[in-house]
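Descriptive structure summary
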Amino acid sequence: MKSPYETLGVASTASAGDIQKAYRKLAKALHPDLNPGDKGAEETFKEASAAYALLGDPEKRRRFDAGEIDASGAERPQQRYYRDYATQEDARPYESEAGYADFMEGDDALAALLRRARQARANRRGEDVRYRLAVPFVESIAGAEKRLTMPDGGVLDVKIPPGLVDGQTLRLKGKGAPGAGAGAPGDALIEVEVLPDPRFRREGDDIHVEVPVSLSEAVLGGWIDAPTPTGPVSVAIPKGSNSGSRLRLKGKGAPIRGGGAGDEYVTLKVVLPKPADPELVAFVEGWARGKAYNPRTGAAS
Amino acid sequence: MTSGTMTRQEFLLRCGARGETLELWLAQSWIAPREPDGFSEADLARARLIGELTRDLGVNEAGIDVILHLIDQVHGLRRALGELRAAP
């Protein structure tokens, strides 16, 4: 590694004034912002800066001369120069066309190209803006109208299409940031989170729901109301239904894009009265065939 | 979205300039934040450059004005050149 004196091109006996003069001369020639296209200039400039940071400070120079710190001991953290930002969106207001405005006036190919590029820049499309929206499960199946409040206070009406899936992104054309000039506005991208519903479980396009039934409904059959995302539906319980019996409600699942819908499956769950009904206990105690029936026979053990 | 913005106070802290210095820069339009209290990283890098030109290179006010004007032209040209290169 070169010594900081070599980097600046001065003698180790140079005065503070000479060191500053030498550094300024180098820096004027090498500053990255004065050499936007020269990668090598940055490296050399950094070395010169580091050298000057060391030698320009009497205390650090003394310690360096005394061997207390080495040449890199004073190196500054990685700096980002203006040129790193200069062609980004953030620096746009600073940019000037003055350097080539005259080239745009002719009717040659270059002028046409430059004008076209400026046109494109002036009529840039607006940026897309992202939002997140939480939707209850029932509304994700049945569809809904939601209203989002935007950071600037405006409102955005969002139509939730029926059958929406968790994590799906809705695109509202033209509802994003405005474009520049004649540029079209960007889109609003709304990522939808479906909030779980304790009653329903979705599997693909089908919906599963568990419905408690009484013993008499299970034994004798009857009509019950089963919940679906679009409201309760009357379902016939066949005689002698068991816990775990599944009934299919055709077309009551999630709507499928392009037509049709999944099914809803109702799983019955027989629930005995609580506390136990004495009459039922008395009946079961005297029910000899019930006691003889073992549902576990034949099952793998 | 462009990178986040910082307040005037954060900005001063990070570029190491004093309030009245920043006022001068703003009055000269050397620094032009999008919002009065919303400075970008580009504004900060630009402020650092102005600071270096003044402090380390000994450029005076008129010199800064000329340099920034030229730098802005160079970057305008670089963008135009970049766009021409990207054009079919």
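A brief look at the structure comes next. (Residues numbered from 1 in each chain as written. Chains lettered and ligands numbered in written order. Predicted model: local features only at pLDDT ≥ 70, side-chain atom pairs only at ≥ 80, totals over all residues. Heavy atoms only, no water.)

**Side note on the overall build of chain B**
Looking only at helices and strands, one finds four helices and zero strands in chain B. If you list the helices and strands of chain B from N to C, you get α-α-α-α. In chain B, 49% of the contacts between residues at least 6 apart in sequence involve partners at least 24 apart. Of the roughly 4800 Å² that chain B leaves accessible, carbon and sulfur atoms contribute 55%. (Helix = DSSP H or I, 4+ residues; strand = E, 2+ residues; numbered from the N terminus. Contact = heavy atoms within 4.5 Å. Areas by Shrake-Rupley, 256 points an atom, 1.4 Å probe, with all protein chains shown as cover.)

**Topic: the side chain of Asp187 of chain A**
All names here are of chain A. With respect to the helices, strands and loops of the structure, Asp187 is situated in the loop between strand 4 (169-172) and strand 5 (188-195). Asp187 sits in the buried class, given a relative accessible area of 3%. Within the local environment of Asp187, its side chain forms a polar contact with the side chain of Arg171, the two groups lying 2.5 Å apart. A distance of 3.0 Å separates a polar side-chain atom of Asp187 from the backbone nitrogen of Gly174. (Buried < 20%, exposed > 50% of the residue type's maximum accessible area, 1.4 Å probe, protein only. Polar contact = N/O pair within 3.5 Å; in protein donor to acceptor, adjacent residues only side chain to side chain.)

**A few points about the nonpolar core**
The biggest cluster of nonpolar side chains holds 47 residues, and the ones touching the most others in it are Leu8, Tyr23 and Tyr82 of chain A together with Phe11, Trp25 and Ile31 of chain B. Elements with a contribution of two residues or more to this core: helix 1 (4-8), helix 2 (16-30), helix 3 (39-55) and helix 5 (82-86) of chain A together with helix 1 (8-15), helix 2 (19-27), helix 3 (41-55) and helix 4 (61-86) of chain B. For Trp25 of chain B, the residues in contact, after removing those within four places along its chain, are Ala17, Trp30, Ile31, Ala47, Ile50 and Gly51 of chain B. Counting residues in each nonpolar core, the second largest holds 34 residues, with Val192, Ile207, Val235 and Leu268 of chain A among its members. (Core = buried A, V, L, I, M, F, W, Y, C linked by side-chain atoms within 4.5 Å.)

**Remarks on the sheet that holds strand 11 (residues 264-271) of chain A**
Residue and element names in this part refer to chain A. Taken in spatial order, the four strands of this open sheet run 6-7-11-10, and their pairing is mixed. Two strands lie at the open edges of the sheet, namely strand 6 (200-203) and strand 10 (246-249), each paired on one side alone. Each strand axis lies, on average, 30 degrees off the axis of its neighbour in the sheet, ignoring direction. Summarising the sheet, strand 6 and strand 7 (residues 206-214) pair through four bridges and their orientation is antiparallel. Bridging across to strand 7, Arg202 finds its partner in Ile207. (Pairing = 2+ DSSP bridges. Axes fitted to C-alpha atoms, helices over the stretch in contact; angles between N-to-C directions.)

**Here we look at the interface of chain B and chain A**
Many descriptions give the size of an interface as the accessible area lost when the pieces come together. Taken together, the 35 residues of chain B in the interface contact 35 residues of chain A. In total, about 3300 Å² of surface goes out of reach between chain B and chain A, with carbon and sulfur atoms giving 60% of it. Note that Arg79 of chain B is salt-bridged to Glu95 of chain A, the shortest N-O span being 2.9 Å. At the boundary of chain B and chain A, one finds seven residue pairs in polar contact (both at pLDDT 80 or more). Here the side of chain B that touches chain A gets 13 residues from one element, more than from any other, and that element is helix 4 of chain B. The class makeup of the residues in the side of chain B that touches chain A is 16 nonpolar, seven polar and 12 charged. (Buried area = accessible area lost by both parts, 1.4 Å probe. Salt bridge = Lys/Arg side-chain N within 4 Å of Asp/Glu carboxyl O. Nonpolar A, V, L, I, M, F, W, Y, C, P; charged D, E, K, R; others polar.)

**Here we look at the pairing of strand 11 of chain A**
All names here are of chain A. Alignment of strand 7 against strand 11, held across eight bridges, turns out to be parallel. Residue pairing across strands places Ile207 opposite Glu264, the latter belonging to strand 11. Sheet topology note: the strand 10/strand 11 ladder contains four bridges and is antiparallel. Paired with Leu249 across the two strands is Glu264, which belongs to strand 11.

**Considering the packing of aromatic side chains**
Residue and element names in this part refer to chain A. Going through the model one piece at a time under the given rule, you end up with six aromatic pairs over all chains. Note on Tyr82 and Tyr94: the rings are 6.3 Å apart at their centroids and 70 degrees apart in plane angle, and the pair reads as edge-to-face. Taken together, the positions of Tyr82 in helix 5 and Tyr94 in the loop between helix 5 and helix 6 (109-122) put the pair 12 residues apart, joining distant regions of the chain. For the ring pair Phe137 and Phe200, a centre distance of 5.7 Å and an interplane angle of 25 degrees mean the geometry is stacked. With Phe137 in helix 7 (residues 137-142) and Phe200 in strand 6, this pair connects stretches of sequence that are 63 residues apart. The two residues Phe137 and Phe200 agree in class, both being buried. (Phe/Tyr/Trp six-rings, centres within 6.5 Å; stacked < 30°, edge-to-face > 60°.)

**Some thoughts on the packing of helix 1 of chain B against helix 3 of chain B**
Residues and elements named next belong to chain B. Two numbers describe how helix 1 lies on helix 3: the axes approach to 10 Å, and their chain directions differ by 40 degrees. As summarised for this structure, helix 1 and helix 3 are arranged oblique, according to the angle between their axes. The chirality of how helix 1 crosses helix 3 is right-handed. For the pair helix 1 and helix 3, the contacting residues are Phe11, Arg14 and Cys15 in the first and Glu41, Asp43, Leu44, Ala47 and Arg48 in the second. (Parallel < 35°, antiparallel > 145°, perpendicular 65-115°, else oblique. Left-handed = near helix turned anticlockwise from the far one by under 90°.)

**Quick notes on the packing of helix 1 of chain B against helix 2 of chain B**
Think of two packed helices as two axes; the pair is described by the angle between the axes and how far apart they sit. Residues and elements named next belong to chain B. Packing of helix 1 against helix 2 leaves a shortest axis separation of 10 Å and a crossing angle of 105 degrees. When the axes of helix 1 and helix 2 are compared, the pair comes out roughly perpendicular. Where helix 1 abuts helix 2, its residues Arg8, Phe11 and Leu12 lie against Gly19, Leu22, Glu23 and Leu26. Of the residues contributing to the contact of helix 1 with helix 2, the split by class is four nonpolar, one polar and two charged.

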